[in-house]
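# Examination of the molecular architecture
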Amino acid sequence: MNLNLSNSNQRGILVAVALLVAIFLSFFSIRNARAIHFASLQTPAGFQRATQLEPGDARNWYLLGRYWQYNLENPDDQRAIRAYLFALSLNPRSAETWLDLATAYELEGNLTAARDAFLDAKRAYPRSPEVSWRYGNFLLRQGELDPAFTEMRHAVEADPGRGAEAFSRSLRVEPNIDKILDRILPPIGDVYVDVIGDQIQGGQIDIALRVWDRLVAIHPVLPLRDVFPLVGALRNNNRLTAAHRVWDQAVVVARMADLQGPPRSVLWDGGFESGVTGGGYSWLFPESLRNVQINIVAQERHSGDHSLRLTFDGKSIVTSTDICHYVPVEPSTSYRFSAWVKTKAITTDQGVRFQLRSLGTEDTSVAVTPELHGSEPWTQIEIPWSSGNDVEELQVCLIRLLSDQLENKIKGTTWVDDVALVPTSAEHARP
């Protein structure tokens, strides 16, 4: 739009009006900036000054209320309530103000007003996980378990990260674990995993195991690593039968029940095909090992798609690789251990071999396999092994014995594949 200003008087009036508008806007902008500055001081005087500068800004009154409610040195719930009510008179749709007002009323012992404020928060933001969470906790404190569980479940469904805390809080007032699982936890695998981890940290292994059993029943698909903490806790508490069972279930849940490997072997992933390491009944590799490179490779293998490769640089006397595997076994049972090994230019007369050591028994004896050195094609090494009457686990580790040669530093490459521990009864059953 073009303005046709015919004379200097009209132009002067326009300039004056524009100047007045600019001054007006500048005044309110400066006042708002000053209010923000004073609120940022987070002091009672600062919040009070912010409400004086911008009395129509509900946020300033809300922040003043939070100061009086939550400051540790001089809390004042009555002042907080007055500030919240003024904020709500300006913005009655603020769910967070209703929630803090409800908390203040509860601390004052006014449970009726607290409940009304929580319900106003739900009307303001009916799908808020924070509203459901805080109202659900209020109902828990009042002993109203059924509506409390309903609110808590809504909160967890909207924010799965709250699952572990919702479960533990509910467990304090309701000892029936199945009821809590039914009412609180939605069928989301990650929620159950968080609950299991939280219970393990609290030393509640039995409860963690109950939650795991319920998780399996909902048929999730979970990474195998998610079960490492539970299997580790069970093993550390010498509950090996349960640990073995959980691992077998986890393999199915992780869709790895058909993992290629030596048939009938009780040693999981003997062919290094899964890509899963570091816990449970998987291979355990060191985070770092001087003078030895450890890799799972596809370029060279006995069968399947991968093998384990160890490359020694010849700069040290290696006696341990820290590559181990815990294997569940049956007591008083005969097995045959085997592995396929290939070597290339392994120096000295001592290459890599396997060491088998029983766990959970006073018998500290170990068995070791033959070794290969120099350059050899894929060769199977094997030995018989029997568990004692109280042995439920076997530790299998890759080691190297000291050489009698003067130069004992090892150099070269070894590949390992198709490691197996097979009950001899299973061998005899083969057609």
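Since this is a predicted model, take the numbers as computed values, not measurements.

### Comments concerning the side chain of Ser168
Tracing the backbone shows Ser168 in helix H9 (residues 163-173). Residue Ser168 is classed as buried on the basis of its relative accessible area, which comes to 17%. One polar contact links the side chain of Ser168 to the main-chain carbonyl oxygen of Glu165, over a distance of 3.1 Å. If we skip the residues at most four places from it in the chain, Ser168 touches Asp198 and Gln199.

### Some words on the side chain of His325
As for its placement among the helices and strands, His325 is situated in strand E4 (residues 320-328). Taking the relative accessible area as the measure of exposure, His325 reaches 1% and is therefore buried. Within the structure, the side chain of His325 is placed 2.8 Å from the backbone oxygen of Trp268, a separation counted as a polar contact. A polar side-chain atom of His325 sits 3.3 Å from the main-chain carbonyl oxygen of Tyr281. Discounting chain neighbours no more than four positions away, the residues touching His325 are Leu267, Trp268, Tyr281, Ser282, Trp283, Leu394, Gln395 and Val396.

### Description of the environment of Leu222
Mapping Leu222 onto the fold places it in the loop between helix H12 (205-217) and helix H13 (228-236). Measuring from C-alpha to C-alpha, the distance between Leu222 and Ala254 comes to 5.2 Å, with 32 residues separating the pair along the chain. In this structure Leu222 touches Gly189, Asp190, Val193, Leu215, Val253 and Ala254, once residues within four positions along its chain are discounted.

### Quick notes on the pattern of salt bridges
Tallying each qualifying case throughout the model produces 23 salt bridges. Close ionic contact of Glu393 with Arg235 constitutes a salt bridge, the shortest N to O distance being 2.8 Å. You can see Glu393 sitting in strand E9 (residues 393-399) and its partner Arg235 sitting in helix H13, a full 158 residues away along the chain. Take Glu393: its relative accessible area is 3%, and that puts it in the buried class. Residue Glu300 is joined to Lys342 by a salt bridge in which the shortest nitrogen-to-oxygen separation is 3.0 Å. With a gap of 42 residues between them, Glu300 in the loop between strand E2 (292-297) and strand E3 (307-313) and Lys342 in strand E5 (residues 334-346) connect regions that are remote in the sequence. The network of salt bridges with shared partners includes Arg66, Asp100, Glu130, Arg134, Asp159 and Arg162.

### Structural notes on the sheet that holds E4
Strand order across the open sheet formed by five strands is E1-E4-E9-E6-E7, with antiparallel pairing between neighbours. Looking at strand neighbours, the two that pair on one side only are strand E1 (283-284) and strand E7 (366-368), the edges of this open sheet. Across three bridges, the pairing between strand E6 (residues 353-359) and E7 is antiparallel. Each residue of the ladder has a partner; that of Leu356, found in E7, is Ala367.

### Side note on the packing of helix H5 (residues 95-108) against helix H7 (residues 129-141)
Relative placement of two packed helices is described by the angle separating their axes and the distance separating the axes. The contact between H5 and H7 brings their axes to 10 Å, and the two run at 15 degrees. Here H7 runs roughly parallel to H5, going by the angle between their axes. The handedness of the crossing between H5 and H7 is left-handed. Here Ala95, Leu99, Asp100, Thr103 and Glu106 of H5 come into contact with H7, specifically with Glu130, Val131, Arg134, Phe138 and Arg141. Looking at side-chain class alone, the contact of H5 with H7 contains four nonpolar, one polar and five charged residues.

### Examining the pairing of strand E10 (residues 411-423)
Burial within E10 is extensive, with 12 of its 13 residues counted as buried. Two elements, E3 and E10, share six bridges in a ladder whose sense is antiparallel. Following the sheet pairing, Leu310 is matched in E10 by Thr414. Pairing between E5 and E10: nine bridges, direction antiparallel. The residue of E10 that forms the bridge with Tyr335 is Pro423.

Criteria and cut-off values
Residues numbered from 1 in each chain as written. Predicted model: local features only at pLDDT ≥ 70, side-chain atom pairs only at ≥ 80, totals over all residues. Heavy atoms only, no water. Helix = DSSP H or I, 4+ residues; strand = E, 2+ residues; numbered from the N terminus. Buried < 20%, exposed > 50% of the residue type's maximum accessible area, 1.4 Å probe, protein only. Polar contact = N/O pair within 3.5 Å; in protein donor to acceptor, adjacent residues only side chain to side chain. Contact = heavy atoms within 4.5 Å. Salt bridge = Lys/Arg side-chain N within 4 Å of Asp/Glu carboxyl O. Pairing = 2+ DSSP bridges. Axes fitted to C-alpha atoms, helices over the stretch in contact; angles between N-to-C directions. Parallel < 35°, antiparallel > 145°, perpendicular 65-115°, else oblique. Left-handed = near helix turned anticlockwise from the far one by under 90°. Nonpolar A, V, L, I, M, F, W, Y, C, P; charged D, E, K, R; others polar.

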